[in-house]
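Spelled out, the chains give:
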Amino acid sequence: MKTTDLRIDGDRLLARLGELAAIGATGDGGCCRLALTEEDRAGRDLVGRWMREAGLEVKVDPIGNFFGYRAGTDDTAAVMTGSHIDTVATGGRYDGCLGVLAGIETIRTLAEAGVRTRRPLVVGVFTNEEGARFAPDMLGSLAYVGDLPLEEAYGRISIDGKRLGDELARIGYRGEAPLPLYLPHAHVELHIEQGPVLDAEGGIIGSVESVQGISWQEVNIFGESNHAGTTPMRLRHDAGYCAAAIGIFLRTLARELGGNQVCTMGAVTLHPNLINVIPGRASVTIDLRNTDEAALQQAEQRFAEFLEQLARDEGVAIETRRLARFEPVVFDANVAAIIKRVATRLGHACRPMTSGAGHDAQMLARICPTAMIFVPSVKGISHNPAEHTFPAHLAAGADVLLHTLLELAA
Ligand code: GLV
Ligand code: MN
Ligand code: MN
């Protein structure tokens, strides 16, 4: 068989996505495999076993990223693929897992066909991509590219109060491989789109050319707890009211800035959180994103001004804590062009696009030519147990990945 005729086994890929999804299954089709939990450990163990069975040599680095390596005919820089297997607490079964399992499936396909590439191939699994348990998101890949010192990463505290370094050691994934283990020739990540564009337009493959910027912060509001019945409205310092006002303001901000600005208040904690007590403290998380760095800075500036005014008006203290900040990323035009060419050759409608979600590939882009392949998400639903991608689209994405890797590794 000619190498160009090779295709991955879509049923096998689907079966494995199902097996991995059984770990941390939430019973509604979704998954909860928060980073560095018991479920994450079980998922890692399974994926590591699959890597070894595919003939890959597996190594774990000190931040818990792990890699399966397949030698090429030349001892030269490898072509890397991969993604993450941690999920948000209400995650679906495809986010991240597709990129990892499709990477292993491409290796199996090559092994069964007896194809050896000139360059080595590496499948990577990066720690805490989601950022749902530890901030920032893409933490493992950020450390991999040298932009988050290990000790700083180890000191990050989870939403359940645990140190990242301790949790890594506890689940047995504080490895000893050098960081970074490989300096890739190129990196390609396959992922579900997690947005509505391909599904709405009937496309099958997205050739991802850029990722929007991400700004995360935690806002802590310190007011005064008091009796809900006896305290006149004019005398309140209500942290709960401030949290609500922030939520409303974010919608106004996005509407006024227009363009690609998106704003989300994803988590709210009130204290003491009781029906007849004015909240004395509130903590909210803010996620601002934009494809344009200047516009994102403007959003941050306007939000900061709003908080100052709100603190004055309500007589509360407001403190902010930065959780993540990544500028928009433009991917490598050559790698994106290869993806487009491969998709077209395989007969799949392909469109250039930008990513609304954050991805490990945006970190790898700092050290090597990188781009991404997207496949459709039904109705654009993601970070939701209902996340779905049709089996034929999963297979199409994996085939595009296989042939993109073959071109890059030739
Ligand atoms: C990661 O999934 C993110 O974009 O928040
Ligand atoms: Mn993801
Ligand atoms: Mn995600």
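Structural data are supplied above this passage.
Points about the overall build of the protein chain
What the protein chain contains, in helices and strands, is twelve helices and 15 strands. In terms of principal-axis extent, the alpha carbons of the protein chain reach across some 80 × 45 × 40 Å. Residues counted as buried form 56% of the 410 residues belonging to the protein chain. Residue pairs in contact within the protein chain that sit at least 24 positions apart in sequence constitute 80% of those at least 6 positions apart. Working note: accessible area of the protein chain is about 16,500 Å², and carbon and sulfur atoms make up 51% of it. Charged side chains in the protein chain number 39 positive and 52 negative. The centres of these two groups are separated by 2 Å.

Concerning the site of ligand 1
Around ligand 1 sit Glu 129, Glu 130, Trp 216, Arg 289, Ala 357, Gly 358 and His 383, and those are all the residues in its vicinity. Interatomic distance of 3.3 Å between a side-chain N/O atom of His 383 and an oxygen atom of ligand 1. Here the residues of the shell around ligand 1 sort into two nonpolar, two polar and three charged.

Points about the packing of helix H1 (residues 10-21) against helix H3 (residues 97-113)
Where H1 contacts H3, the two axes come as close as 10 Å, and the packing angle between them is 140°. With respect to H3, the axis of H1 lies oblique. The two elements H1 and H3 meet at a crossing, and its hand is right-handed. Residues Arg 12, Leu 13, Arg 16, Leu 17 and Leu 20 of H1 pack against Cys 97, Leu 98, Leu 101, Ala 102, Ile 104, Glu 105, Arg 108, Thr 109 and Glu 112 of H3.

Points about the sheet that holds strand S9 (residues 262-271)
Taken in spatial order, the four strands line up as S9-S11-S7-S12 in an open sheet, and their pairing is antiparallel. Looking at which strands have only one partner, the edges of the open sheet turn out to be S9 and strand S12 (317-326). With direction set aside, neighbouring strand axes in the sheet form an average angle of 15°. By the bridge criterion, ten bridges tie strand S7 (residues 213-222) to strand S11 (residues 281-290) in an arrangement that is antiparallel. Residue Trp 216 lies in a different strand from S11, and its bridge partner there is Asp 287. Its contacts with the sheet place helix H8 (residues 239-257) against S7, S9 and S11, and it is angled at close to 175° to S9. Against the sheet, helix H9 (residues 293-314) makes contact with S7, S11 and S12, and its axis sits at roughly 165° relative to S12, the strand it touches most.

Focus on the coordination of the manganese ion (ligand 3)
Surrounding the manganese ion (ligand 3) are the protein donor atoms Asp 95 (OD), Glu 130 (OE), Glu 130 (OE) and His 383 (NE2), which sit 2.1 to 2.3 Å from the metal. Sequence spacing among the residues donating to the manganese ion (ligand 3) works out to D-x34-E-x252-H. The distance between the manganese ion (ligand 3) and the manganese ion (ligand 2) comes to 3.6 Å, with Asp 95 serving as a donor to both metals. Linking Asp 95 in the loop between strand S3 (79-83) and H3 with His 383 in the loop between strand S15 (370-375) and helix H12 (391-409), this pair joins segments that are 288 residues apart in sequence.

Cut-offs applied
Residues numbered from 1 in each chain as written. Chains lettered and ligands numbered in written order. Predicted model: local features only at pLDDT ≥ 70, side-chain atom pairs only at ≥ 80, totals over all residues. Heavy atoms only, no water. Helix = DSSP H or I, 4+ residues; strand = E, 2+ residues; numbered from the N terminus. Buried < 20%, exposed > 50% of the residue type's maximum accessible area, 1.4 Å probe, protein only. Contact = heavy atoms within 4.5 Å. Areas by Shrake-Rupley, 256 points an atom, 1.4 Å probe, with all protein chains shown as cover. Lys, Arg positive; Asp, Glu negative; His and termini not counted. Charge placed at Lys NZ, Arg CZ, Asp CG, Glu CD. Near = heavy atom within 4 Å. Polar contact = N/O pair within 3.5 Å; in protein donor to acceptor, adjacent residues only side chain to side chain. Nonpolar A, V, L, I, M, F, W, Y, C, P; charged D, E, K, R; others polar. Axes fitted to C-alpha atoms, helices over the stretch in contact; angles between N-to-C directions. Parallel < 35°, antiparallel > 145°, perpendicular 65-115°, else oblique. Left-handed = near helix turned anticlockwise from the far one by under 90°. Pairing = 2+ DSSP bridges. Donors = N, O, S within 2.8 Å, 3.2 Å for Na, K, Ca; no water.

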